[in-house]
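So you can see what is in the structure, the chains are spelled out below.
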Amino acid sequence: MKEVAQKDWIVDCWRELGFDLEDKQVWRVEFAVHGPGRKMLDRKTAEVQEITVQDLCSRDRIKALFISLAKRYFVFTKADTATRKYNQEKLVLFDMNPDVEKYSPLPAVRKTITTRTTKQVYEYLIKESESNHVYSFEERMRLWQVAKNLATHHNLRQWEQWKHGPRNADMPIEDPVIKPITQVQGNDQDNENVTIEQKELW
């Protein structure tokens, strides 16, 4: 601020927090979050959260947001500890809370957010679509399609792969039907009398 413009209200906050403004130089780190970047993905829970004005009314929430952003965008390392940056020793600049997930912005713009309830509904629909003793094949297909649409619109595709792998990638299998295999009796190929000798599932 000494190089650009003095902001007295920020200095007042620093004094209130007990910063030594006389003998030490204070540096300010500021993150600007715009547009789609307001929505972030929690990779542990697959929940999509959006930064709102209400989040900025709590000091605890502001601190959590700052730590999350700093873990991604304000990382410094010691260059002499390794050749590649991701192997270098990281400098501890802030009191990082290990429970705060690193900020992960959504890769695409979505109008919806994802909560724990959304995942529970998805899991329930998938489970019901596998209940061939309760629903008809057409009903199971509709349940499966609704679950997949939910996953698409609420950004659950990646979480689905992490948790289940390819298990839910295929559509429900249609109920097996019995197909009679017939064989003509005797040597006369024109004999129209046939019998069922075996059954197979297809």
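Computed from a predicted structure; not experimentally measured.

## As for the overall build of the chain
Inference 1: Of the regular secondary structure elements, the chain holds five helices and four strands.
Inference 2: For the chain, the N- to C-terminal ordering of α and β elements is α-β-β-α-α-α-α-β-β.
Inference 3: When the 202 residues of the chain are sorted by exposure, 24% land in the buried category.
Inference 4: Expressed as a percentage of contacts within the chain between residues at least 6 apart in sequence, the contacts between residues at least 24 apart total 56%.

## Some thoughts on the nonpolar core
Inference 1: Ala-46, Tyr-122, Leu-125, Ile-126, Leu-143, Trp-144, Ala-147, Leu-150, Ala-151, Leu-156 and Trp-159 form the largest nonpolar core, which has eleven residues in total.
Inference 2: Put simply, the parts of the chain that give this core at least two residues each are helix 3 (116-129) and helix 4 (137-153).
Inference 3: For this core, the element with the most residues is helix 4, which contributes five residues.
Inference 4: Among the nonpolar cores identified, the runner-up in size contains five residues, and Met-40, Ile-51, Leu-69 and Tyr-103 belong to it.

## Things to note about a positive patch on the surface
Inference 1: Taken together, Arg-43, Arg-72, Lys-85, Lys-90 and Lys-102 make up a surface patch of like positive charges.
Inference 2: Residue placement: Lys-85 occurs in the loop between helix 2 (59-73) and helix 3.

## Comments concerning the packing of aromatic side chains
The description of two aromatic rings rests on the distance between their centres and on the angle between their planes.
Inference 1: Tallied over the entire structure, the rule returns six aromatic pairs.
Inference 2: Summarising the aromatic geometry, the rings of Phe-74 and Phe-94 are spaced 5.9 Å apart at their centres and angled 45° between planes, so their arrangement reads as tilted. Taken as a pair, Phe-74 in the loop between helix 2 and helix 3 and Phe-94 in the loop between helix 2 and helix 3 lie far apart in primary sequence, 20 residues in all.
Inference 3: Judged by its relative accessible area of 25%, Phe-74 falls in the partly exposed class.

## Looking at helix 4
For an α-helix, 3.6 residues make a turn, and residues three or four places apart therefore share a direction.
Inference 1: In a regular helix each residue adds 1.5 Å, so 17 residues correspond to 24 Å; helix 4 covers 24 Å between its end C-alpha atoms and thus fits that length.
Inference 2: Within the sequence span of helix 4, burial applies to Arg-140, Met-141, Leu-143, Trp-144, Ala-147, Lys-148, Leu-150 and Ala-151.
Inference 3: The first or second residue beyond helix 4 is Asn-155, which carries a positive phi of 60°.

## A word on the pattern of salt bridges
Inference 1: The full count for this structure, using the stated rule, is five salt bridges.
Inference 2: The partner of Arg-59 in a salt bridge is Glu-16, with the nearest N and O atoms 3.8 Å apart. Taken as a pair, Arg-59 in helix 2 and Glu-16 in helix 1 (residues 8-16) lie far apart in primary sequence, 43 residues in all.
Inference 3: For Arg-59, a relative accessible area of 57% puts it in the exposed group.
Inference 4: For Glu-16, a relative accessible area of 58% corresponds to the exposed category.

## Here we look at the side chain of Glu-128
Inference 1: Following the sequence through the fold, Glu-128 ends up in helix 3.
Inference 2: Comment: no salt bridge for buried Glu-128; closest opposite-charge side chain is Lys-127, at 6.1 Å.
Inference 3: In contact with Glu-128, not counting residues within four places along its chain, are Tyr-135, Arg-140 and Leu-143.

## Side note on helix 3
Inference 1: When the terminal C-alpha atoms of helix 3 are compared, their 20 Å separation across 14 residues agrees well with the 20 Å that a helix rising 1.5 Å per residue should span.
Inference 2: Where helix 3 is concerned, the buried positions are Thr-118, Lys-119, Tyr-122, Leu-125, Ile-126, Glu-128 and Ser-129.

## Focus on the environment of Val-100
Inference 1: Following the sequence through the fold, Val-100 ends up in the loop between helix 2 and helix 3.
Inference 2: We classify Val-100 as buried; its relative accessible area is 16%.
Inference 3: Along the sequence, Val-100 and Ala-64 sit 36 residues apart, while their C-alpha atoms lie 6.5 Å from each other.
Inference 4: Look past the residues within four positions of Val-100 in its chain and what remains in contact with it is Ala-64, Ile-67, Ser-68 and Lys-71.

## Concerning the confidence of the model for the chain
Inference 1: Put simply, the chain has an average pLDDT of 76, and 75% of its residues get 70 or more.
Inference 2: Ranking the elements of the chain by mean pLDDT puts strand 4 (residues 194-201) last, at 42, and helix 2 first, at 88.
Inference 3: Every residue in residues 189-202 is under pLDDT 50, and counting partners more than four places away or in other chains gives 30 contacts.

Thresholds applied
- Residues numbered from 1 in each chain as written.
- Predicted model: local features only at pLDDT ≥ 70, side-chain atom pairs only at ≥ 80, totals over all residues.
- Heavy atoms only, no water.
- Helix = DSSP H or I, 4+ residues; strand = E, 2+ residues; numbered from the N terminus.
- Buried < 20%, exposed > 50% of the residue type's maximum accessible area, 1.4 Å probe, protein only.
- Contact = heavy atoms within 4.5 Å.
- Core = buried A, V, L, I, M, F, W, Y, C linked by side-chain atoms within 4.5 Å.
- Patch = residues over 30% accessible without salt bridge, like charges linked within 9 Å, V, L, I, M, F, W, Y side chains within 5 Å.
- Areas by Shrake-Rupley, 256 points an atom, 1.4 Å probe, with all protein chains shown as cover.
- Salt bridge = Lys/Arg side-chain N within 4 Å of Asp/Glu carboxyl O.
- Lys, Arg positive; Asp, Glu negative; His and termini not counted.
- Charge placed at Lys NZ, Arg CZ, Asp CG, Glu CD.
- Phe/Tyr/Trp six-rings, centres within 6.5 Å; stacked < 30°, edge-to-face > 60°.
- Expected span 1.5 Å × (residues − 1).
- pLDDT = per-residue confidence, 0-100.

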